[in-house]
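Descriptive analysis of the structure
Single-letter residue listing:
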Amino acid sequence: MPVCGNKTRDKIRRDTVIKKFPLYCPKCKQETVIDVQDQK
Ligand SMILES: [Zn+2]
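Let me begin by describing the structure that accompanies this report.

Calculation rules
Residues numbered from 1 in each chain as written. Predicted model: local features only at pLDDT ≥ 70, side-chain atom pairs only at ≥ 80, totals over all residues. Heavy atoms only, no water. Helix = DSSP H or I, 4+ residues; strand = E, 2+ residues; numbered from the N terminus. Buried < 20%, exposed > 50% of the residue type's maximum accessible area, 1.4 Å probe, protein only. Contact = heavy atoms within 4.5 Å. Pairing = 2+ DSSP bridges.

**What about the overall build of the protein chain?**
The number of helices and strands found in the protein chain is zero helices and two strands. Looking at the 40 residues of the protein chain, the share that counts as buried comes to 15%. Put simply, 18% of the contacts in the protein chain that link residues at least 6 apart link residues at least 24 apart.

Given below as structure tokens:
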């Protein structure tokens, strides 16, 4: 994941599409807005 290399608890499938999702990183203790495209 393009956050900080830290794994997330959120299970994002390969066919998951996310737009501007505020993903919280418990390691950095901050939110990072991410975009996940369909990776077919
Ligand atoms: Zn992090």
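**Considerations on the pairing of strand E1 (residues 18-25)**
As defined by bridge partners, E1 adjoins strand E2 (residues 30-36) across six bridges and the pair is classed as antiparallel. The residue bridging Pro22 from the neighbouring strand is Val33, located in E2. In this structure, the hairpin formed by E1 and E2 is closed by a connection of four residues, where Lys29 is found at a positive phi of approximately 55°.

**Section: the environment of Ile18**
Topologically, Ile18 is positioned in strand E1. If we ignore the near neighbours within four places in the chain, the residues touching Ile18 are Ile12, Ile34, Asp35 and Val36.

**A few points about the environment of Gln30**
Inspection of the secondary structure puts Gln30 in strand E2. Take Gln30: its relative accessible area is 45%, and that puts it in the partly exposed class. Once residues lying within four places of it in the same chain are set aside, the contact partners of Gln30 are Leu23, Tyr24 and Cys25.

**A word on unusual backbone geometry**
Phi is positive for Lys20, which is not a glycine, with a value near 50°. The topology assignment puts Lys20 in strand E1. With a phi close to 55°, Lys29 is a non-glycine residue in the positive phi region. Looking at the element boundaries, Lys29 is found in the loop between E1 and E2.

Keep in mind these values describe shape, not function.
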